[in-house]
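Chain residues, written in single-letter form:
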Amino acid sequence: MKVIKSVCTNLFFPQSRSDAQAFAGMIGFLKEYGVQSVECYCDGHQRAGELIGRGGMSGVYIGVIPLKEQKKDLCALEEEARSAAVMQAKRDMDRADQGGFDWFMVNSGRRTPGREAQGMAALLRSMEELFEYRNKKGMTLGIEMEPCDSALEAMHLVGGPERALEACRALEQRGLPLSLVMDSAHTSEEGRDFFQALTLTRPYCRHIHFANCRLDDPQDPLYGDKHLGYEDPGGIWTFEAIRDMMKRLEALYGDQPLRVGLECLCRQENPFAWFQSTWERLPKSLTGAERKTDGGENG
């Protein structure tokens with residue numbers, strides 16, 4: 001399996017979202033560790049793609065973030081609401097394309113209980129419009145969707161692997177190549193086994209997220225998808241669980257590439273030190289070679 005080492009930087013390095021200088025420093029830091037891919041959404045500065053390219057990395061633009069924050073749903077049943085979500089996604093596709101990103105990530109949006117079939121029809125229409133926009137503008141962006149949870153917190157239409165497959169197959173029949181980003185925490189929130197979900201979605205999934213979550217006690221303030229560090233003793237996706245899963249993924253993906261994104265929220269004072277500690281405890285099958293250089297002032 002050819003691992004593409006990826007980091008969801010908005011979480012590991014929160015300041016990088018709105019501060020260009022912080023983003024540039026972070027890119028230099030991650031380059032030392034051989035990170036090959038950066039997944040981010042930025043506001044307040046427009047140089048993210050350029051800086052990622054200078055670092056020799058590929059970029060994934062997380063259009064999921066503005067859709068979630070603004071409560072805009074690509075599967076909305078009301079036409080005005082659905083169109084507003086599509087317009088938001090188009091604006092962010094423009095930013096991703098102009099910034100030189102390789103991939104653009106969306107999600108389905110929230111489901112309307114009892115009307116999932118109508119929601120899927122609305123989602124497919126929205127995705128058709130996004131692909132049509134991409135092609136009309138001559139963009140080279142790949143478009144991918146991250147299934148969320150459908151019954152615990154986010155209440156999204158596309159949660160379990162079956163509905164994700166339904167969307168991908170329907171769009172494939174129309175010549176539209178939607179890819180999937182399968183997330184370990186979201187899959188666990190669905191009550192599903194991550195490896196089984198990846199086995200089902202493998203034809204469309206070349207990108208995963210390792211995200212940790214607690215699911216034992218609903219009264220726990222960190223219950224659900226809180227993007228915990230892998231060191232959290234109450235979490236499902238610990239360093240040991242990731243190590244075991246990487247062994248299984250090597251057999252599943254063979255010699256195929258797989259972008260593996262690390263998605264943890266920094267709750268420490270020094271994100272650089274915390275990232276280093278996290279990286280050093282991850283399996284070598286994921287991180288690959290040792291750190292390239294001394295960390296300098298950020299290390």
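That block above? That's the structure.
About the cut-offs
Residues numbered from 1 in each chain as written. Predicted model: local features only at pLDDT ≥ 70, side-chain atom pairs only at ≥ 80, totals over all residues. Heavy atoms only, no water. Helix = DSSP H or I, 4+ residues; strand = E, 2+ residues; numbered from the N terminus. Rg over C-alpha atoms; globule rule 2.2 N^0.38 Å. Buried < 20%, exposed > 50% of the residue type's maximum accessible area, 1.4 Å probe, protein only. Contact = heavy atoms within 4.5 Å. Pairing = 2+ DSSP bridges. Axes fitted to C-alpha atoms, helices over the stretch in contact; angles between N-to-C directions. 1 Å grid on protein atoms, 1.4 Å probe; cavity = no way out; pocket = protein on both sides within 12 Å on 5 of 7 lines; lining within 4 Å. Points joined across faces, edges and corners; volume = space filled by probe spheres on them. Nonpolar A, V, L, I, M, F, W, Y, C, P; charged D, E, K, R; others polar. Expected span 1.5 Å × (residues − 1).

Participant: Describe in detail the overall build of the chain, supporting the description with residues and values.
Facilitator: Assigned secondary structure in the chain consists of 12 helices and 10 strands. For 299 residues, the compact-globule formula gives about 19 Å, and the C-alpha radius of gyration of the chain, at 18 Å, lands near that figure. Considering only C-alpha atoms, the chain reaches an extent of 55 × 40 × 40 Å along its principal axes. Burial analysis of the chain (299 residues in total) assigns 56% to the buried set. Sequence-distant contacts, at least 24 apart, represent 74% of the contacts inside the chain between residues at least 6 apart.

Participant: Go over the sheet that holds strand E5 (residues 142-145), please, and point to the residues and values.
Facilitator: If you walk around this closed barrel you meet the 8 strands as E1-E2-E3-E4-E5-E6-E7-E10, and the pairing is parallel. Between one strand and the next, the sheet's axes are offset by a mean angle of 25 degrees, whatever the strand orientation. The pairing of strand E1 (residues 2-8) with strand E2 (residues 37-40) spans 3 bridges and is parallel. When the bridges of E2 are listed, Cys8 appears paired with Glu39. Contacting E1, strand E7 (205-210) and strand E10 (257-262), helix H10 (residues 239-253) runs over the sheet at an angle of about 175 degrees to E7.

Participant: Give me the layout of surface pockets: which residues, what numbers.
Facilitator: Computed from the structure, the largest pocket encloses a volume of approximately 370 Å³. As for the largest pocket, its lining consists of 20 residues, of which Leu11, Ile65, Lys68, His227 and Glu263 are closest to the centre. Of all the secondary structure elements, the ones that give two or more residues to the lining of the largest pocket are helix H1 (9-12), helix H4 (64-69), helix H8 (184-189) and strand E9 (224-228). With 3 residues, the single largest contributor to the lining of the largest pocket is H4. Of the residues in the lining of the largest pocket, the class split is 8 nonpolar, 4 polar and 8 charged.

Participant: I'd like to hear about the pairing of E9, residue by residue, with values.
Facilitator: Of all 5 residues in E9, 4 are buried; the element is thus mostly enclosed. Direction of pairing for strand E8 (residues 212-214) relative to E9: antiparallel, over a ladder of 2 bridges. The residue bridging Asn212 from the neighbouring strand is Leu228, located in E9.

Participant: Give a detailed account of helix H5 (residues 79-98), specifying residues and quantitative values.
Facilitator: Compared with an ideal rise of 1.5 Å per residue, which puts 20 residues at 28 Å, H5 spans 28 Å between its outermost C-alpha atoms and is within 8% of the ideal. Along H5, the residues classified as buried are Arg82, Ala85, Val86, Gln88, Ala89, Lys90, Asp92, Met93, Asp94 and Ala96. Its buried side turned inward, H5 meets strand E3 (58-62), H4, strand E4 (103-106), helix H6 (116-136) and E5. Gly100 lies just past H5 and shows a positive phi near 80 degrees.

Participant: Would you mind going over H10 in detail, with residue names and values included?
Facilitator: Spanning 15 residues, H10 covers 21 Å between terminal C-alpha atoms, matching the ideal 21 Å at 1.5 Å per step. Residues of H10 that are buried: Phe239, Ile242, Met245, Met246, Leu249, Leu252 and Tyr253. Just downstream of H10, Gly254 is the residue with a positive phi angle, here 55 degrees.

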